[in-house]
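Examination of the molecular architecture
Listed below are the residues making up each chain.
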Amino acid sequence: MSRKKTSKSKGASAPAASTLPAANGPHPARSGTARPGSDAPPNGPPQPGRPSLGSGGDFYDVAFKVMLVGDSGVGKTCLLVRFKDGAFLAGTFISTVGIDFRNKVLDVDGVKVKLQMWDTAGQERFRSVTHAYYRDAHALLLLYDVTNKASFDNIQAWLTEIHEYAQHDVALMLLGNKVDSAHERVVKREDGEKLAKEYGLPFMETSAKTGLNVDLAFTAIAKELKQRSMKAPSEPRFRLHDYVNRKGRRASCCHP
Ligand SMILES: Nc1nc2c(ncn2[C@@H]2O[C@H](COP(=O)(O)OP(=O)(O)OP(=O)(O)O)[C@@H](O)[C@H]2O)c(=O)[nH]1
Ligand SMILES: [Mg+2]
């Protein structure tokens, strides 16, 4: 179970998984601006076999950074809150300012995997803040809103941006959110599948409101990252595409 520290420079391998604790201090519920290098844990060399204790009291073996990106209003914050707290932020839409993060430790096949989940602001005016975080991300969840065609059309622009700022081998997943809003849907599932296939991305439809496929999306990413950093030679390779295709549930009118 050996893991190497890799360069952080663009074009290098994905940042090494970190076992260093992250600050778990109080953060604004839905907005705030975290600074890289302060609250953000550094990507130090992993130390297998020595569980770390986060300042929030959470033990973990290995930590990864997962960033949520996509247009404003697609549901990034709600998806994160659904995964972290199992709740849905209904009511007035409060757009994220700058960037915010939350942590959650998952048990992945007996290994404590800590996900540091970065919630970015989708608004154009915060784009330069977001750019600074891409290079440290191990995984990106790219969201569009199935009730908002523009957010789907902008996926290609987001992919261009990701290509420019993120590590070339960052784990990436495309998510079509808000599938509970069946009557307002304007982006068909097949359109999402087609786009994902075109770019070779794993794809799922989600609902932060009902929770459909939310845990699955984060768990699949955690499994992929854990395998990348700790895979034993004898272990079969984890296939993210196959996993989400097999486990992903489809939204239905009556049983979301
Ligand atoms: N019906 C439905 N509404 C959702 C869902 N997810 C989010 N919303 C609503 O969509 C609006 C925007 O959600 P946010 O999570 O704040 O959007 P965001 O992507 O974080 O937006 P920015 O912070 O501006 O980038 C809110 O009013 C949410 O209640 C969902 O799965 N279903
Ligand atoms: Mg937000």
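- An unreviewed UniProt entry lists the protein chain under the name small monomeric GTPase, with Callithrix jacchus as the source organism.
- Taken verbatim from the UniProt record of the protein chain, the Cofactor (unreviewed entry) comment is "Mg(2+)".
- Its UniProt record, at the heading Subcellular location (unreviewed entry), says of the protein chain: "Membrane".

Some remarks on the coordination of the magnesium ion (ligand 2)
- Binding of the magnesium ion (ligand 2) to the protein goes through Thr 77 (OG1) and Thr 96 (OG1), at separations of 2.0 Å. Taken together, the positions of Thr 77 in helix H1 (residues 76-85) and Thr 96 in the loop between H1 and strand S5 (98-108) put the pair 19 residues apart, joining distant regions of the chain.
- On the accessibility criterion, Thr 96 (6% relative accessible area) is buried.

Observations concerning the environment of Gly 91
- Secondary-structure assignment places Gly 91 in the loop between H1 and S5.
- Distance from Gly 91 to Val 170, taken between C-alpha atoms, is 34 Å for residues 79 residues apart in sequence.

Concerning the site of ligand 1
- Ser 72, Lys 76, Ser 95, Gly 122 and Asp 180 are the nearest of the 25 residues found near ligand 1.
- Note that a nitrogen atom of ligand 1 is positioned 3.3 Å from one of the side-chain N or O atoms of Asn 177.
- Ser 181 is positioned with one of its side-chain polar atoms (N or O) 3.2 Å from a nitrogen atom of ligand 1.
- Protein chains shield 92% of the accessible area of ligand 1, which is 660 Å² for the free molecule.
- When each cavity is represented as a set of grid points, ligand 1 is found to reside in the largest pocket.

Analysis parameters
- Residues numbered from 1 in each chain as written.
- Chains lettered and ligands numbered in written order.
- Predicted model: local features only at pLDDT ≥ 70, side-chain atom pairs only at ≥ 80, totals over all residues.
- Heavy atoms only, no water.
- UniProt positions renumbered as here; feature names shortened; annotations may be inferred.
- Donors = N, O, S within 2.8 Å, 3.2 Å for Na, K, Ca; no water.
- Helix = DSSP H or I, 4+ residues; strand = E, 2+ residues; numbered from the N terminus.
- Buried < 20%, exposed > 50% of the residue type's maximum accessible area, 1.4 Å probe, protein only.
- Near = heavy atom within 4 Å.
- Polar contact = N/O pair within 3.5 Å; in protein donor to acceptor, adjacent residues only side chain to side chain.
- Areas by Shrake-Rupley, 256 points an atom, 1.4 Å probe, with all protein chains shown as cover.
- 1 Å grid on protein atoms, 1.4 Å probe; cavity = no way out; pocket = protein on both sides within 12 Å on 5 of 7 lines; lining within 4 Å.
- Sits in = over half its atoms within 2 Å of the grid points.

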